[in-house]
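# Notes for the structure review
These are the residues of each chain, in order.
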Amino acid sequence: MISKYSHLIDLNDYPLSWWNKIIELGHDIKIHPQRYTHACDGKIMATLFYEPSTRTQMSFQSAMIRLGGSIIGFDNPATSSVSKGESLKDTTKIVSNYADILIVRHPQPGAAKAAALTADCPVINAGDGGHLHPTQTLTDLLTLHEEKGRLDNLNIGLCGDLVNGRTVHSLCKALSSYSGNTFVLISTPQLKLPSYVKDIITASGSNFTEVSSLDEVINDLDMLYMTRIQRERFASEEEYLAQKDTYVLDAKKMSRARKDMIVMHPMPIVDEIAVDIDNDSRAVYFKQAKYGMYVRMALIMTMLERDKPTQLLKGTTEHNCVCTNPNCITNAEYYLPKSFYGSGDTVECEYCDERILLEH
Ligand code: NCD
């Protein structure tokens, strides 16, 4: 299924050269913001946020205003027609006639792709459930570029909720495209990185190790990416409480880390980083949130300039096959064409990447 517009659903839909162009532009905007104050004059950006957000929404809004454009949107579906039962398809279609670009955040994996299927303008995925978060990844790449001076040959530690953290999934996929990066995945057995992301790391030729102790590995990292335990994505409060507070980065642990290691976090921080770490020069998460605005300025400009059709669904429709991920958008918005890729006994849902074993 081909859309007339360019969308950003998954960073891996674009070549590395494109990501590097966005990062370079983000860097230039940071150095010379005055050069870009009229780059989007007369353009309107709509934020459709079906799930809470502070940084992503406001940095997008601030980005568009700093480019000379205007903003509309909702950040609480309860105050829009969504609360009356309007489908994602209809909301997207209508708002895309009011705006030149849509920014969509949704609690269900695959929702941004679903929105792009009907939108009459470019759609940017601002986080779809526990699945992907490409604009956070561009933020993280710009942060590494500015703070470490490189995106390759890094020993990267990712700690916390690696199963539900969409920022972690997108970041691992992206960093495995640069040569020489290695990944240290620090989590409990219940919160391990999904297999499909590990397969992408391996297929790229990068290495990963899985460990449960942050203490044992912190001394060897170039960057530590801390994440919160994602309470809202657990099936029950008991399961969340069993994982809560497993990893807390404190001064004692930081004393074992290298002088040039940086600590990143997509935010919000709940209690996984002790407050005194904020004053450690290696903690760059507040700067990271600011870099997010510059990179989103670069992204908005680029997406508004591009006018290339995008192939949104490339897979085939398996007869009688439905996605087994109960959270997948295709199980909530019934009209969506199901689409799967792969061959043999397993296929993957093209909206949420869930692996499905075919019964013969
Ligand atoms: C993250 C998100 O929403 O996925 N935050 C963000 O976008 N900056 C991480 C999180 O919610 O924990």
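Structure: above.
What comes next is a walk through the structure. (Residues numbered from 1 in each chain as written. Predicted model: local features only at pLDDT ≥ 70, side-chain atom pairs only at ≥ 80, totals over all residues. Heavy atoms only, no water.)

## What about the overall build of the protein chain?
A tally of helices and strands in the protein chain yields ten helices and 14 strands. C-alpha extents for the protein chain along the principal axes are approximately 60 × 55 × 40 Å. Sorting the 360 residues of the protein chain into buried and exposed places 56% on the buried side. The long-range fraction of contacts in the protein chain, counting pairs at least 24 apart against all pairs at least 6 apart in sequence, stands at 73%. Just so you have it, the protein chain exposes about 15400 Å², and 50% of that area is on carbon and sulfur atoms. When the 36 basic and 45 acidic side-chain charges of the protein chain are each reduced to a single mean position, those positions are 4 Å apart. (Helix = DSSP H or I, 4+ residues; strand = E, 2+ residues; numbered from the N terminus. Buried < 20%, exposed > 50% of the residue type's maximum accessible area, 1.4 Å probe, protein only. Contact = heavy atoms within 4.5 Å. Areas by Shrake-Rupley, 256 points an atom, 1.4 Å probe, with all protein chains shown as cover. Lys, Arg positive; Asp, Glu negative; His and termini not counted. Charge placed at Lys NZ, Arg CZ, Asp CG, Glu CD.)

## Concerning the pattern of salt bridges
Scanning the model with the defined rule gives 24 salt bridges in all. With a closest N to O distance of 3.8 Å, Arg-258 and Asp-220 form a salt bridge. Separated by 38 residues along the polypeptide, Arg-258 in the loop between helix H9 (251–254) and strand E10 (262–264) and Asp-220 in the loop between strand E8 (207–211) and strand E9 (223–226) bring together distant segments of the chain. The class of Asp-220 is partly exposed, set by a relative accessible area of 46%. Arg-258 serves as the salt-bridge partner of Asp-260, at 3.4 Å between the closest nitrogen and oxygen. The class of Arg-258 is partly exposed, set by a relative accessible area of 28%. (Salt bridge = Lys/Arg side-chain N within 4 Å of Asp/Glu carboxyl O.)

## A look at the state of the cysteines
Evaluated as defined, the whole model comprises zero disulfides. Sulfur of Cys-121: no disulfide; nearest cysteine sulfur belongs to Cys-40 and is 13 Å away. Free cysteine: Cys-349, not disulfide-bonded; nearest cysteine sulfur from Cys-328 at 3.9 Å. On the basis of relative accessibility, which here comes to 2%, the residue Cys-349 falls in the buried class. (Disulfide = S-S within 2.5 Å.)

## A few points about the site of the ligand
The full set of residues close to the ligand is Arg-55, Thr-56, Arg-105, His-133, Gln-136, Arg-166, Thr-167, Arg-228, Gln-230, Pro-266, Met-267 and Pro-268. One nitrogen or oxygen atom from the side chain of Arg-105 is found 3.0 Å from an oxygen atom belonging to the ligand. In this structure, a nitrogen atom belonging to the ligand sits 2.9 Å away from a main-chain N or O atom of Pro-266. Relative to its unbound accessible surface of 310 Å², the ligand loses 94% to contact with the protein. Elements that contribute at least two residues to the shell around the ligand include exactly helix H2 (55–66) and helix H6 (166–175). Residue composition of the shell around the ligand, by class: three nonpolar, five polar and four charged. (Near = heavy atom within 4 Å. Polar contact = N/O pair within 3.5 Å; in protein donor to acceptor, adjacent residues only side chain to side chain. Nonpolar A, V, L, I, M, F, W, Y, C, P; charged D, E, K, R; others polar.)

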